[in-house]
Amino acid sequence: MRTYNAIIIDDEPMAREILESHLSKIGQISVVASCKNATQGFSALSAHDVDLVFLDINMPEVTGLMFARAIQGNTKIIFTTAYREYAIDGFDLQAVDYLLKPISLERLMKALQKFYNEVEKPAQKTITDTFTFFRSDRKMVKVDFDSILYIESLGDYLKIHTHDEIIVTRETLSSAIEKLPIKQFLRTHRSYVVAVQKIDSYTNEHITIDKTVIPISRSYRDTTLQSLSSIK
């Protein structure tokens, strides 16, 4: 069974102690650093191969949200905070979970199960196939990757916009992304994935495809613009 390296970043000593105590009872998680601020957190990320960060949101100077936006690579985040109102911002940053203090061992274990599910799922397609299938109208419908303009999430449903039609499927955006070749598609928003080759124009705030304006959210802006600017 694999062990995952984790760091804790929280300006409250008691909160760090409680989390460390809980995690000491869970064999798959090794706490390699316990940090009282973001500066120590960045140092820990540089010094260790970190799989997971338990990150307090409401910290002085550099907040947890600011820290999360600065993280690069595949390090996952579980937010911890005493303030429920930060949940939306936390999930907009694609956090694994959001834990409200005081954190119980049972709730922590549920969050870790989400983490295991994310890191142990099959890798995203890099491409050999040129199509995939989506369930729509009680049948599996073949969708060519080259025909997709963009995919729009509507809660538990997706609208797959193609050149010729809109295919509606009951699926999450995250599961749909796993079926797509990573180099051909780009997530610009928690509710949108676009086909890079179909982009007609873009600004810092939106992308236009076939006269449709698609938003670029704050949390995806840097990665979206970096990806688009790197296209030769």
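It should be emphasised that the depicted structure is a prediction, and the values quoted were computed from it without experimental measurement. (Residues numbered from 1 in each chain as written. Predicted model: local features only at pLDDT ≥ 70, side-chain atom pairs only at ≥ 80, totals over all residues. Heavy atoms only, no water.)

**A few points about the packing of aromatic side chains**
Taken as a whole, this structure holds seven aromatic pairs when the rule is applied. Their ring planes at 55 degrees and their centres at 5.8 Å tell us that Phe115 and Tyr116 sit as a pair that is tilted. For the residue pair Phe115 and Tyr116, the accessibility class agrees, reading buried in each case. Here Tyr150 and Tyr192 contribute two aromatic rings whose centre-to-centre distance is 6.4 Å and whose plane-to-plane angle is 45 degrees, an arrangement assigned as tilted. Of this pair, Tyr150 sits in strand β8 (residues 148-154) while Tyr192 is found in strand β12 (residues 192-195), placing the two residues 42 residues apart along the sequence. There is no split in this pair, since Tyr150 and Tyr192 are both buried. One aromatic cluster in this structure is built from Tyr4, Phe115 and Tyr116. A cation sits over an aromatic face here: Lys142 above Phe131, 4.5 Å from the ring centre. (Phe/Tyr/Trp six-rings, centres within 6.5 Å; stacked < 30°, edge-to-face > 60°. Buried < 20%, exposed > 50% of the residue type's maximum accessible area, 1.4 Å probe, protein only. Helix = DSSP H or I, 4+ residues; strand = E, 2+ residues; numbered from the N terminus. Lys NZ or Arg CZ within 6 Å of the ring centre and 35° of its normal.)

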